[in-house]
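# Structural characterization, general
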Amino acid sequence: MDHFPIFLRVEGRRIVLSGGGEAALAKLRLLLKSTGHITVFSATPADEIVTWAREGKLRLERRAMAPGDTLCAALFYAADEDDAEDARTAAIARADGALVNVVDNLEDSAFITPAIVDRDPVTIAIGTEGAAPVLARAIKADLEARLPAALGPLARIGKTFRKAANALPFGRARRDFWREYYFDTGPADIAGGEDRVRAGLDALLAGHLQRRARDGHIHFVGAGPGDPDLLTMKARRVLDEADVVVYDRLISKPVLELARREAVMIDAGKEGFGPSMKQEDINALIVEHAATGAQVVRLKSGDATVFGRLDEEIDAADAEGIAWSIVPGITSASAAVAEIGQSLTKRGRNSSVRFLTGHDMKGFADHDWATLARPGEVAAIYMGKKSARFIQGRLIMHGADRHTPVTVIENASRPEQRILETTLDALPAALASADMSGPALTFYGLAPRAAAAAQRHVTNSYASTITPIQEAL
Ligand code: SAH
C-alpha cells in the first residue's frame with residue numbers, strides 16, 4: 001500500500017485549486033461536497049465555476065496563481081491541464097506546506113483522490129493507487145446500486161439510537177437488528193420523515209428483543225476426537241453463529257478457535273484450578289443462557305450421544321421449555337479405528353461391536369463378560385485406562401484368550417497421538433509403562449492392520465509396542 005487511506009478533516013480549512021476547465025470541474029464537484037473553504041484560481045473559468053462563485057459556494061480569483069496564494073491551505077489541486085503551469089502552481093503550494101495533487105500525474109502528487117460513494121455521513125473511498133481507475137469506477141457503481149439512497153439520513157438517525165440498541169446482546173443479535181434497519185425497515189420508513197423512522201426503530205427493537213427471548217436454543221454438538229477437520233459442516237456453522245460456547249475438558253484448542261470471535265467461551269471442565277463444574281451447574285448454565293435468547297453451543301467430545309451425559313442436559317432444557325437439537329460428531333471409536341486401519345465390524349470376524357465404558361457412576365462397570373470372552377468379539381472401551389486390570393481379570397475369568405489383541409489409541413486424531421499394541425495378558429503392564437495422560441480408547445479384539453497381518457505368521461507372540469502417529473499404519 002503506497003497510499004494510505006485516511007479521512008482528512010477539512011471543515012473550515014482552505015482548499016485551493018488552480019484551473020478552470022474540465023479537470024477542474026470534475027474535482028470541484030467532489031470538493032463541493034465537503035465543508036472546506038474552496039478558492040479557485042483561473043483567468044478563464046468555466047461557466048459552472050462562475051455560477052458556484054456567485055452562489056457563494058467557492059471563491060473565484062480570475063487570475064493566475066501567485067506565491068502566497070496557498071498560505072494555510074490544507075489541500076491544493078493543480079488542474080490547469082498544462083504540465084508547465086501545473087508544475088509552477090504545485091511548487092508554490094508545496095512551498096506553502098499544502099498537500100498537493102497534480103491532476104493525472106501520480107508521480108508528482110502527494111495524495112490521490114479516491115472514487116467516492118457518498119451517503120454522508122457514510123463515505124466509502126475506493127482507490128487502486130492509479131492502477132485501475134476503471135475497476136474503481138465499477139466497484140463504485142456496484143456499491144451505489146447496493147446501498148440504500150437514504151443511507152446517509154438513516155445513519156444520522158441510527159447514531160442517536162445506538163444506546164437504546166445496546167439492550168440487545170453484543171454480536172449477532174445487534175448486527176441483525178442494524179442490518180434490518182439499514183436495509184429493510186429504515187429505507188421503507190424514510191419517505192414518512194424522521195419521526196416515522198424513529199417510531200420504526202422503536203418497534204423494530206421491541207420485536208428483536210421479544211424474538212430473542214423466544215429464540216434461545218441449545219445445540220448439543222459432537223466436536224469429534226480433536227482434529228478440527230473431523231467436525232461436521234453443521235458443527236462448524238453453529239460454532240460460527242454461537243453466542244455462548246460451553247465446552248468440556250477434552251475439546252481441542254483448534255476446535256475452540258472455530259467459535260465465533262464474539263462468543264462467550266465457558267470452560268465447564270476446568271482441571272488444575274479445582275474440580276470440574278458439577279453436572280447440575282452445567283445444566284443450569286446452558287439453560288440460563290438460552291433463556292436470555294442466546295444461541296448456546298454445548299460442545300462435547302466425540303459424539304454427544306456416546307458417554308456424554310447428554311440426557312441430563314436435555315432434561316434440563318425440556319424442563320424450561322428451551323429448544324434444543326443434536327449435531328452428531330465422530331465418536332472416538334470411529335476416529336481411533338481409522339488410525340489403525342481397521343473396521344469396527346468385519347464379515348466372518350464380528351457382526352456386532354460394543355461400546356463399553358470402563359467405569360460408571362458406581363465404579364468399575366460390569367458388562368456381559370461371557371459373551372465378550374468369545375473369540376472374534378470386538379469392543380471399544382471408553383474411559384478404560386484405570387479399569388484395565390479389572391476388565392482383563394473379568395474377561396480371562398470368563399475364558400477369554402490371553403493372547404487376544406488389544407490396542408490402545410491415545411489422543412486419536414491429534415498431533416500427540418500414540419498407539420499401544422498389546423494383548424489382553426500384557427495390557428495392565430503395557431499401560432503402566434506407556435504412562436498415558438491423554439484420553440485413550442482401548443480396542444479389545446483389534447490390532448493395527450499391519451500387526452494383524454504379521455500375527456498370522458507368528459502366532460502368540462505379541463510384544464507390546466507403542467507407535468507415534470506417523471508409523472501407526
Ligand atoms: N462422547 C465421547 C466420549 C466421552 S467419554 C465420544 O464420543 O468419543 C471420554 C472418553 O472418550 C475418554 O476417556 C476416551 O476414552 C475417549 N476419548 C475422547 N477423545 C479421545 C481421543 N481423541 N482419543 C482417544 N480417546 C478419546
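Residues numbered from 1 in each chain as written. Predicted model: local features only at pLDDT ≥ 70, side-chain atom pairs only at ≥ 80, totals over all residues. Heavy atoms only, no water.

Under the annotation held in an unreviewed UniProt entry, the chain carries the name Uroporphyrinogen-III C-methyltransferase and is attributed to Roseobacter ponti. Its UniProt record, at the heading Sequence similarities (unreviewed entry), says of the chain: "Belongs to the precorrin methyltransferase family." A UniProt comment under Catalytic activity (unreviewed entry) is attached to the chain, and it reads "precorrin-2 + NAD(+) = sirohydrochlorin + NADH + 2 H(+)". (UniProt positions renumbered as here; feature names shortened; annotations may be inferred.)

## With respect to the overall build of the chain
Each helix and strand counted, the chain has 17 helices and 20 strands in total. Its C-alpha atoms give the chain a radius of gyration of 36 Å, clearly above 23 Å, the size a compact globule of 473 residues would have. Considering only C-alpha atoms, the chain reaches an extent of 110 × 50 × 40 Å along its principal axes. Sorting the 473 residues of the chain into buried and exposed places 45% on the buried side. Considering only contacts in the chain between residues 6 or more positions apart, those separated by 24 or more positions represent 64%. Total accessible area on the chain is roughly 25,000 Å²; 53% of this is exposed by carbon and sulfur atoms. (Helix = DSSP H or I, 4+ residues; strand = E, 2+ residues; numbered from the N terminus. Rg over C-alpha atoms; globule rule 2.2 N^0.38 Å. Buried < 20%, exposed > 50% of the residue type's maximum accessible area, 1.4 Å probe, protein only. Contact = heavy atoms within 4.5 Å. Areas by Shrake-Rupley, 256 points an atom, 1.4 Å probe, with all protein chains shown as cover.)

## What to know about the sheet that holds strand β5 (residues 99–102)
Within a beta sheet, neighbouring strands are joined by backbone hydrogen bonds and run either parallel or antiparallel to one another. Sheet architecture is open: five strands sit in the order β3-β2-β1-β4-β5, paired in parallel fashion. Looking along the sheet, the strands with just one partner apiece sit at the ends: β3 (59–61) and β5. Geometrically, the sheet is characterised by an average inter-axis angle of 15 degrees between neighbouring strands, direction not taken into account. When strand β2 (residues 37–41) meets β3, the two strands line up parallel, connected through three bridges. Note on β3: the bridge partner recorded for V40 is L60. The strands touched by helix α1 (residues 22–31) within the sheet are β1 (14–18), β2, β4 (73–78) and β5, with β1 carrying the most contacts at an inclination of about 165 degrees. (Pairing = 2+ DSSP bridges. Axes fitted to C-alpha atoms, helices over the stretch in contact; angles between N-to-C directions.)

## Points about the packing of helix α11 (residues 279–291) against helix α12 (residues 310–319)
It is the contact of α11 with α12, at a shortest axis distance of 9 Å, that shows an interaxial angle of 45 degrees. Overall, the two elements α11 and α12 adopt an arrangement that is oblique. α12 is crossed by α11, and the crossing has right-handed handedness. Residues Q279, I282, N283, I286 and V287 of α11 form the contact with α12, whose participating residues are E312, E313, A316 and A317. Residues that form the contact of α11 with α12 fall into these classes: five nonpolar, two polar and two charged. (Parallel < 35°, antiparallel > 145°, perpendicular 65-115°, else oblique. Left-handed = near helix turned anticlockwise from the far one by under 90°. Nonpolar A, V, L, I, M, F, W, Y, C, P; charged D, E, K, R; others polar.)

## A word on empty space enclosed by the protein
This structure, assessed with the given rule, holds one cavity of 30 Å³ or more. When its volume is computed, the largest cavity comes out at roughly 30 Å³. Every residue along the wall of the largest cavity is listed here: I381, G384, A388, I391, L427 and T442. (1 Å grid on protein atoms, 1.4 Å probe; cavity = no way out; pocket = protein on both sides within 12 Å on 5 of 7 lines; lining within 4 Å. Points joined across faces, edges and corners; volume = space filled by probe spheres on them.)

## Some remarks on the site of the ligand
Lining the immediate surroundings of the ligand are 18 residues, of which D303, V306, T331, S332 and A440 lie closest. Within the backbone of P225, one N or O atom sits 2.9 Å away from a nitrogen atom of the ligand. T331 places a side-chain nitrogen or oxygen 2.6 Å from an oxygen atom of the ligand. Burial of the ligand by the surrounding chains reaches 93%, relative to a free accessible area of 540 Å². One can see that the ligand is located within the largest pocket. Residues of the shell around the ligand, tallied by class, amount to eleven nonpolar, five polar and two charged. Per-domain counts for the shell around the ligand show at least three residues from each of domain 3 (217–330) and domain 4 (333–472). (Near = heavy atom within 4 Å. Polar contact = N/O pair within 3.5 Å; in protein donor to acceptor, adjacent residues only side chain to side chain. Sits in = over half its atoms within 2 Å of the grid points. Domains from an automatic or database assignment.)

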